[in-house]
Amino acid sequence: MELITAIKTRRSIRNYKPDPMPEDVVKELLGMAIWAPSGMNSQPWSFVVIENQEYLKSLSDRCKDFLLSSLDRMPILERYRSYFSDPETSIFYHAPVLVLIYGDKNLFTSTTDCSMAALNLMLSAWDRGIGSCWIGFSYGICNSPEFKEEFHLPENHQLVAPIILGYPQEPIPQGDRKEVPLLYWMK
Ligand SMILES: Cc1cc2nc3c(=O)[nH]c(=O)nc-3n(C[C@H](O)[C@H](O)[C@H](O)COP(=O)(O)O)c2cc1C
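For clarity, every value in this text was computed on a predicted model and none was experimentally measured. (Residues numbered from 1 in each chain as written. Predicted model: local features only at pLDDT ≥ 70, side-chain atom pairs only at ≥ 80, totals over all residues.)

Caption draft 1: View of the nonpolar core. Judged by nonpolar contacts, the single largest core of 40 residues is most densely connected at Ile101, Leu121, Ile163, Ile164 and Leu165. When contributions to this core are tallied by element, the ones reaching two or more residues are α2 (23-33), α3 (53-69), β2 (97-104), α5 (110-127), α6 (139-142) and β4 (157-166). Looking at this core element by element, the count peaks at seven residues for α5. Apart from residues no more than four positions distant in its own chain, Ile164 is found in contact with Phe92, Tyr93, Ala95, Val97, Leu98, Ser132, Cys133 and Ile135. (Core = buried A, V, L, I, M, F, W, Y, C linked by C-beta atoms within 7 Å. Buried ≥ 20, exposed ≤ 12 C-beta atoms within 10 Å, placed from the backbone. Helix = DSSP H or I, 4+ residues; strand = E, 2+ residues; numbered from the N terminus. Contact = placed C-beta atoms within 7 Å.)

What follows is the structure, encoded as structure tokens:
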């Protein structure tokens, strides 16, 4: 696939086939993620990969409980109340793989670097017919001290990009974008 085609046709996929992803494909995608640029070439990223569907269901339930208990503090999420309350909701959309990209928070460009690694991952996935979606709803739990302890993650690791991966169910959603918000062009 042409890079430009991948950029324009990649969409956040929220409907997946149950087919598992071969381990070598996931490893190849992580290998593409790390070719992102990074401040001072610090390469501050580390990855956690979770495929266990039972675990992902319980993780989704923990995230929903956390989000429901946070609605007072985050009124912008109020419109998702019924979505979070529905026992059928999986915030990971039953995708076969969740990749969590953590950055070393002691490096000041870490969030930017890891976000670029995430986009590399998503575009490389799309190039291979694999869908992805960034799952911001998982931040609260996957960045918590308890979760980090569970996976033996060092304390300085901060979650930047939680990305699900899997083979998309058709149809692929249409994208939309506003006009380019050009503020100024000095000649
Ligand atoms: C930081 C971030 C957090 C996001 N969190 C979620 C999420 O929790 N759940 C979800 O379904 N989509 C999530 N998305 C996907 C966006 O909704 C999506 O990128 C946007 O609507 C544009 O659609 P497109 O990716 O198909 O072009 C997130 C995207 C970003 C960049």
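Next, the rest of the story.
Caption draft 2: Molecular detail of the site of the ligand. Taken together, Arg11, Ser12, Arg14, Cys133, Trp134, Ile135, Gly136, Phe137 and Gly175 make up the full set of residues adjacent to the ligand. Partitioned by chemical class, the residues of the shell around the ligand number four nonpolar, three polar and two charged. (Near = placed C-beta within 6 Å. Nonpolar A, V, L, I, M, F, W, Y, C, P; charged D, E, K, R; others polar.)

Caption draft 3: Here's a closer look at the pairing of β4. Across the 10 residues of β4, nine count as buried, placing the element largely inside the fold. Here eight bridges tie β2 to β4, and the two strands are oriented antiparallel to one another. The residue bridging Gly103 from the neighbouring strand is Gln158, located in β4. The pairing of strand β3 (residues 131-134) with β4 spans four bridges and is antiparallel. If you follow Gly131 over to β4, its bridge partner there is Gly166. (Pairing = 2+ DSSP bridges.)

Caption draft 4: Structural context of α3. Taking 1.5 Å as the rise per residue, α3 with 17 residues should run 24 Å; its terminal C-alpha atoms sit 24 Å apart, in good agreement. Looking at α3, one finds that the buried residues are Leu56, Leu59, Ser60, Cys63, Lys64 and Leu67. Each buried residue of α3 sits inside an arc of 140° when the element is viewed along its axis, so together they form one side. Within α3, the exposed residues directed more than 90 degrees away from the buried face are Glu54, Tyr55, Ser58 and Ser69. For α3, the secondary structure elements touched by its buried residues are β1 (45-50), α4 (81-85), β2 and α6. (Expected span 1.5 Å × (residues − 1). Arc of directions from axis to C-beta.)

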